Protein chains: 2
Amino acid sequence: MMHPRTFRVDYDHVTSVVCVVGSGLNVNLNRSAPPGSEFFSVKSTAIVQYSISPRPRETSHLSPIPLKGNSALLIRMSRASDYENDGKLSIRYYGEKKDVLGRVLLHLTAVEISLDVDADRDGVVEKNNANKGSWKWGSNGHGAILLVNCDSERMLLKVLDSEQDQVSKVSDLKDMSVMVLRTKGPAKLPEGYKLTMHISQGDAESVRVFRDRSSGVESNSLQNLLFNHFVKEYPLVLSNEVLSQEVPYLGGVSEMKFYVEGLRYPDRDFDGLISINLSLLEPISDGLPETPIFTDTAVFRVAPWIMTPNTLQPVEVFVCCTSDNYQFLKGMRNLVTKSGSKLKICHEYMNRGDRWMQDELEFGYIDSPHHRFPVVLDSPRDRGLKDFPYDELLGPDFGYVTRVAQREDVSSLDSFGNLEVSPPVTVNGKNYHLGRILIGVAFPTATTGRNMTKVVQDFLWAQKVQEPVALFSDWLVVGHIDEFMSFVPAPDRKGFRLLLASPDAGYKLFRGLQRDGHGQAKLFEGLKDEEQQTVDEILNDKGLAAQNNYVQSCIDWNRDVLKRELGLDDEDIIDLPILFKLVMEENDNKKAETELRAVAYYPDMVNMIVLGKNLGIPKPFGPKVNGRCALEVEMCSLMEGLGLSCTFIDDFASYHIKLGEVHCGSNVRREPFDFKWWNLEM
Amino acid sequence: MMHPRTFRVDYDHVTSVVCVVGSGLNVNLNRSAPPGSEFFSVKSTAIVQYSISPRPRETSHLSPIPLKGNSALLIRMSRASDYENDGKLSIRYYGEKKDVLGRVLLHLTAVEISLDVDADRDGVVEKNNANKGSWKWGSNGHGAILLVNCDSERMLLKVLDSEQDQVSKVSDLKDMSVMVLRTKGPAKLPEGYKLTMHISQGDAESVRVFRDRSSGVESNSLQNLLFNHFVKEYPLVLSNEVLSQEVPYLGGVSEMKFYVEGLRYPDRDFDGLISINLSLLEPISDGLPETPIFTDTAVFRVAPWIMTPNTLQPVEVFVCCTSDNYQFLKGMRNLVTKSGSKLKICHEYMNRGDRWMQDELEFGYIDSPHHRFPVVLDSPRDRGLKDFPYDELLGPDFGYVTRVAQREDVSSLDSFGNLEVSPPVTVNGKNYHLGRILIGVAFPTATTGRNMTKVVQDFLWAQKVQEPVALFSDWLVVGHIDEFMSFVPAPDRKGFRLLLASPDAGYKLFRGLQRDGHGQAKLFEGLKDEEQQTVDEILNDKGLAAQNNYVQSCIDWNRDVLKRELGLDDEDIIDLPILFKLVMEENDNKKAETELRAVAYYPDMVNMIVLGKNLGIPKPFGPKVNGRCALEVEMCSLMEGLGLSCTFIDDFASYHIKLGEVHCGSNVRREPFDFKWWNLEM
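If you're wondering where the values come from, they're calculated on a predicted model, not measured in any experiment.

## So, the pattern of salt bridges
No. 1: Considering all chains together, one arrives at 87 salt bridges over all chains under this definition.
No. 2: When the shortest N-O distance is used, the salt bridge between Glu360 of chain A and Arg381 of chain A registers 3.0 Å. Pair noted here: Glu360 of chain A is in helix α4 (residues 357–360) and Arg381 of chain A is in the loop between β23 (372–378) and α5 (388–393), with a separation of 21 residues, a long-range link. Grouping residues by exposure puts Glu360 of chain A and Arg381 of chain A together as buried.
No. 3: One salt bridge in this structure joins Asp474 of chain A and Arg597 of chain A, with 3.1 Å as the shortest N-O distance. Here Arg597 of chain A lies in strand β36 (residues 594–600) and Asp474 of chain A lies in the loop between β29 (469–472) and β30 (485–489), a separation of 123 residues in the sequence.
No. 4: With a relative accessible area of 8%, Asp474 of chain A lands in the buried category.
No. 5: Salt bridges here are not isolated pairs; linked through shared partners, they connect Arg8 and Arg31 of chain A together with Asp504, Asp556, Arg559, Lys563, Asp570 and Asp575 of chain B.

## Some points on the side chain of Arg669 of chain B
Residue and element names in this part refer to chain B.
No. 1: Looking at where Arg669 falls in the secondary structure, it is placed in strand β42 (residues 666–670).
No. 2: Residue class for Arg669 comes out buried when judged on its relative accessible area of 18%.
No. 3: Beyond its immediate chain neighbours, meaning those up to four positions away, Arg669 contacts Pro314, Val315, Glu316, Phe318, Phe363, Pro374 and Phe398.

## Quick word on the packing of helix α7 (residues 503–515) of chain A against helix α9 (residues 542–566) of chain A
Residue and element names in this part refer to chain A.
No. 1: At their nearest, the axes of α7 and α9 sit 8 Å apart, and the two run at 135° to each other. Between α7 and α9, the angle is such that the two are oblique. Note on element contacts: α9 touches α7 through Leu544, Ala545, Asn548, Val551, Gln552 and Ile555, opposite Pro503, Asp504 and Tyr507.

## Concerning the interface of chain A and chain B
No. 1: Chain A puts 60 residues into the contact, and the matching count from chain B is 60 residues.
No. 2: Buried surface at the junction of chain A and chain B, summed over both partners, amounts to about 5,300 Å²; 49% is from carbon and sulfur atoms.
No. 3: Ranking the residues of chain A by area buried against chain B places Arg8, Arg31 and Thr445 of chain A at the top, with a combined share of 13%.
No. 4: For the interface between chain A and chain B, the tally reads eight salt bridges.
No. 5: Linking Asp504 of chain A and Arg8 of chain B is a salt bridge whose minimum nitrogen-to-oxygen distance equals 2.2 Å.
No. 6: On inspection of chain A and its partner chain B, the count reaches 22 residue pairs in polar contact (both at pLDDT 80 or more).

## Notes on helix α7 (residues 503–515) of chain B
No. 1: If you check α7 of chain B, its first and last C-alpha atoms are 18 Å apart, about what 13 residues at 1.5 Å a residue would give, namely 18 Å.
No. 2: If you check which residues of α7 of chain B are buried, you get Pro503, Asp504, Ala505, Gly506, Tyr507, Leu509, Phe510, Gly512 and Leu513 of chain B.

## Some remarks on the environment of Ile345 of chain B
Residues and elements named next belong to chain B.
No. 1: Relative to the helices and strands, Ile345 is located in strand β21 (residues 342–346).
No. 2: Counting along the chain gives 321 residues from Ile345 to Ser666, while the straight-line C-alpha distance between them is 9.8 Å.
No. 3: Once residues lying within four places of it in the same chain are set aside, the contact partners of Ile345 are Val319, Cys321 and Arg333.

## Thoughts on the side chain of Asp560 of chain A
No. 1: When you line up the elements, Asp560 of chain A lands in helix α9.
No. 2: Of the polar contacts made by the side chain of Asp560 of chain A, one reaches the side chain of Thr6 of chain B; its length is 2.5 Å.
No. 3: Discounting chain neighbours no more than four positions away, the residues touching Asp560 of chain A are Pro4, Arg5 and Thr6 of chain B.

## A short note on the relation of the copies chain A and chain B
No. 1: Expressed as a screw operation, the relation of chain A to chain B combines 0.0 Å of axial shift with a rotation of 180°, fitting to an RMSD of 0.1 Å. In the structure described here, the two chain copies are related by an operation that fits a two-fold rotation axis. Rotation axis and chain A: the residue whose C-alpha lies nearest the axis is Asp269 of chain A, separated from it by 2.4 Å.
No. 2: Interface overlap between copies: 100% of the residues of chain A at the interface are likewise at the interface in chain B, consistent with a symmetric, same-surface contact.

## Looking at the sheet that holds strand β37 (residues 609–611) of chain B
All names here are of chain B.
No. 1: The strand order across the open sheet built from three strands is β37-β38-β41, with neighbouring strands paired in mixed fashion. With partners counted over all chains shown, the strands left at the sheet margins are β37 and β41 (645–649), one partner each. Each strand of the sheet is rotated relative to its neighbour by a mean of 25°, with strand direction disregarded.
No. 2: For β37 and strand β38 (residues 614–618), the ladder comprises three bridges, and the chain directions are antiparallel. By the bridge assignment for β38, Ile609 is matched with Gly616.
No. 3: Helix α2 (residues 326–339) contacts β37, β38 and β41 of the sheet and is inclined by roughly 160° relative to β41.
No. 4: On the sheet, helix α10 (residues 630–640) packs against β38 and β41 and is oriented at approximately 150° with respect to β41.

## Focus: the packing of aromatic side chains
No. 1: The final tally for this structure, using the stated rule, is 46 aromatic pairs over all chains.
No. 2: Between the aromatic rings of Phe318 of chain A and Phe388 of chain A, the centroid separation amounts to 6.2 Å while the plane-to-plane angle is 70°, which identifies the pairing as edge-to-face. Of this pair, Phe318 of chain A sits in strand β20 (residues 314–320) while Phe388 of chain A sits in helix α5, and the two are 70 residues apart along the sequence. Phe388 of chain A shares its class with Phe318 of chain A; the two are buried.
No. 3: Ring geometry for Tyr234 of chain B and Tyr259 of chain B: centres 6.0 Å apart, planes at 65°, overall edge-to-face. Taken together, the residues Tyr234 of chain B in the loop between α1 (222–228) and β14 (236–238) and Tyr259 of chain B in strand β16 (residues 252–262) connect sequence positions 25 residues apart.
No. 4: Across the ring face of Trp135 of chain A, the terminal group of Arg121 of chain A is positioned such that the distance to the ring centre comes to 4.2 Å.
No. 5: In this arrangement the basic side chain of Lys619 of chain A is found over the ring face of Phe621 of chain A, its NZ or CZ atom lying 5.6 Å from the centre.

## Here we look at the pairing of strand β7 (residues 72–77) of chain B
All names here are of chain B.
No. 1: Buried residues dominate β7, accounting for five of its six residues.
No. 2: Relative to β7, strand β3 (residues 24–28) runs antiparallel, the two being bridged by five bridges. Bridge assignment links Leu25 to a residue of β7, and that residue is Ile75.
No. 3: Of the strand pairs in this sheet, strand β5 (residues 48–53) and β7 are connected by six bridges, and their pairing is antiparallel. From the neighbouring strand, Ser53 faces β7, where its bridge partner is Ala72.

## Side note on the sheet that holds strand β24 (residues 399–402) of chain A
Residue and element names in this part refer to chain A.
No. 1: What the four strands build is an open sheet, ordered β19-β22-β23-β24; its pairing is mixed. Each edge of the open sheet carries a strand with a single partner, namely β19 (306–307) and β24.
No. 2: Both strand β22 (residues 361–367) and β23 contribute to a ladder of seven bridges, which runs antiparallel. Paired with Phe363 across the bridge in β23 is Val376.

About the cut-offs
Residues numbered from 1 in each chain as written. Chains lettered and ligands numbered in written order. Predicted model: local features only at pLDDT ≥ 70, side-chain atom pairs only at ≥ 80, totals over all residues. Heavy atoms only, no water. Salt bridge = Lys/Arg side-chain N within 4 Å of Asp/Glu carboxyl O. Helix = DSSP H or I, 4+ residues; strand = E, 2+ residues; numbered from the N terminus. Buried < 20%, exposed > 50% of the residue type's maximum accessible area, 1.4 Å probe, protein only. Contact = heavy atoms within 4.5 Å. Axes fitted to C-alpha atoms, helices over the stretch in contact; angles between N-to-C directions. Parallel < 35°, antiparallel > 145°, perpendicular 65-115°, else oblique. Buried area = accessible area lost by both parts, 1.4 Å probe. Polar contact = N/O pair within 3.5 Å; in protein donor to acceptor, adjacent residues only side chain to side chain. Expected span 1.5 Å × (residues − 1). Least-squares fit on C-alpha atoms with pLDDT ≥ 70 in both. Pairing = 2+ DSSP bridges. Phe/Tyr/Trp six-rings, centres within 6.5 Å; stacked < 30°, edge-to-face > 60°. Lys NZ or Arg CZ within 6 Å of the ring centre and 35° of its normal.

Structure, rendered in structure tokens:
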């Protein structure tokens, strides 16, 4: 029950007042008493309920009750009024000799008011949920959910819907959360009373509210609500410009519908929570602001942006077409066809020679009980593909978000080959049902080194539901974590395996070949412009061995972080035989330093595309034994135990020698999680 | 126990490695095995402890054990080494016929490393507290505490210590938190190993670390640590410019002391938590970054700025001297003397005619287990007194903080007569041991109206420990909550009473006077330049009554908020007989609107100064009955029951007619709370 509000009455006046059902009026009887008052009595009509404190000894309130310093009257209304002033209450004050000194007459009008949202998260706005004013995580939690309206209903002169302060199309409404103002009472409110919807200055940056004037009729079917009524008008009620606005009281039993849209994602300075308030205002007199006498509040949380790991089913695969990647495209097309997903090709006019589809963007999605759609996170990398996410992906029910960084803060580590997400994991009893985001940075101890830009990191951390883990990727020339790790689905254990590039596994394999008499088998056979290397030559190269020892120690450092932060055992990890080499590289940091950093020695098989059970793996061009590439044989044998099928794609000339592979050159939009983010226990 | 790190060994090589006591090395035996290996055996010297997994059947590890795909060796060191490489461990690999195929020899050096802080909050840095890496609120909580070094050790060419990247004086050290790096091990680390202290980019805005080179000797007495050793040198280790720096390994059993200073208060974009890390780096080779193989972390929380309610004992009272306030100063001097506190006068050269000492600043303090000092929050109001907080208050152990607002965002509501704090309260079972901050704004439903500027509100909310409550003060011309409310100490109930200005109480009193035959008694007697008013005249003024009805409804609105948010009953509130009047006033908002707003009709007695049991109350110049002012008599009678003594101070000409009173014209620095903020359950 709400706290009753202090209500002042004057004797020898008739006072009219509106009372919201469920709230009360607290009258200080002593304060309003005529001088010399010693007793009082109270009576009322049936719709008005009252109690006196301190509780009088007499059972009948009609006989005068002694007036004390703390005498108070609590008034409530049992139901909504049928007409104005249909409740009456009178107070009489008496002197020492029970002579009447004054009389208070109250005319009361009761209304029911409820600002309703889908606080129980079932996709339907329920009536006056007791928990609508707060937000709690978990399957036993509550609180409504808001999407950032970051798609674009318009295809021509495209603009983010959240950047428009109007509802452009009826289809835009389904990106918003429905909010219903339910009122019950007389045909109209007594003179001067008003309803007002309002938000705080802080929240106004993050939310906008429209009213639906097209329909006053309620329906439980969202589909019906959205599409069957022709949209007449959706006036803007609240925004950054208008923090408070009157909304009409419709009278009788009525429902007024509103649409709420989120404008920004959680970030360093925004926890994602938004309150929308509806107040009943009481008039004072002209020129004076009305007093809010009742406020109902609905709390929303803005849905976070969620990434999708390799273990989720692919929907669409994106690759670039360039003048030199016909072979690669052919391999990809076969693989994608086999996996039953769709291949989308970004042509040269759009990619402008930039083939690194993985690096310019990350696919994710946002989800609510009423609606869900994919959202692309656009990297501040901004090379040839920079317009692709906005110009080609953004559209109806396909959202877009980016973070703007200073040009000089952007490094190769801001490419999204350096942004991945694990499958769901449990770590020391904590369930990460949506996995954990993984990014690559320099060692935390490094005095120089490259980093992922702060605005993007702040954004990722603020989404909360896939708490990020920072790995060490600055040891690589390109500096992306997808150069040394990937996840594949598995039928057993945790439902996946972590694949790690492993020079040790590579050396072990090559030593085995040498021991078995294949020391003269050649890498890079059949490749023009590439000098062939024998197994013996590789094993005899002490420098290369030292370089790979270093690389292994870098990967092992990440292995330890991944084991700890994802709760993995060694049995959850598969080492893939991959060698690296170090090259001198100029430091990003504009200091004229050069540093030794790593690149893959032969196509980096861990940099694969995972489409369900089908893996698209860079063809390694390893030494052949009995006509089969020993690296491919090893790879297949490691993957086949998991029921996975390996397809080796020749990316040597078009990707590998440009320091990327299959994964770098592709991107996959996947099905969202079945698990709902709001059911996470945080 | 920490997760062991993956460690790679090579057969037929001697490998040297440093191992931190308490951590482990995990060796994948299969990965490092020579081709054809089928068995292995392990032996070690006593300081080295190892276990094999899967656990072998044989009890003796000396007889060859079958090598499996997942065979692993976990190595730990039981204690710190006396000299380099004093631990030895060897692994032998055997072929099918138990012929030796290869041998691994490890030379191990063990060190103990601990970055220690006062995580148990007793003022002393303990050894390796298990909880030092996290922060938890409450009396059963843990985690170290940092002060913002916002005082100034320098009196000439004054500058905030936090704006200096050096330790200016030995006395500056006591504002910082001590951190000790304890190490135990051989005289020096093996070649290439290093210790590095480091912080994240985000934390670097908020913290600075100095090393103490003056002393390597530990002492448990902070006093001793700080003053008895002559300060030689305090080099800067970490700052916004240097995120990572090597610190020397001293050898043997040693302790290195550091001083940590906070640079910024919690705010909208800073939760107050800071991590400082100490890592052991392992060398790889020249030109490659060393690998962090062990990291110890200490977490600090920056102490919040805390306000002091009227119920705390006064220390110093501040007032301005102006050309016209001799009478007021005399009254204040007597009162302050009676209360046993000190009167501090701000002279005209400094106040430049600005008498509103309450409004330019708010006294508070910051507290930690090792040190505590007052901190003045300087308002963005910036009138004549604007330089007073910085120029006169800031000094050694007197801190300063401000928030800079856009000139056009600053209104009268940014004066700190509009910023108060309640005594400790309990609300629905939640304990606010430090009370709750109170500010005044416009109605949340208002479409226009004045507000406290956002940067100050953000600051206040971010301190967390005195969760703010927004009241409605925009109905007043000056717009400060101290115009209608105050708190006084009380011996019973919750330890205090909330005093509220009450026109109803005023009218009740005047009506009683009229009834008792004093209708011709006069207000404002003895004041020149002020027209006298009789009780009858006031009661006959219908317009004034209507205005006061409005004022009462505004105050009642606040009363309801205060009851709800502070958990008060009507019995915790005392209504003071004070009338207001409305005047036309130009709106701050530059729109050419005028609005009706309220000012006190006679000196506003609630705007008092509270010094222990002594109240300094604006002399109301009310109607006299039997030679005594009826308002003073009523006030005294209300306060005397609480054991409080009323002193009425004539502020009419010098403050009241300029729309302020005693409280507006004074400020009080008070004793801090006994309760420690870190013991709050949040």
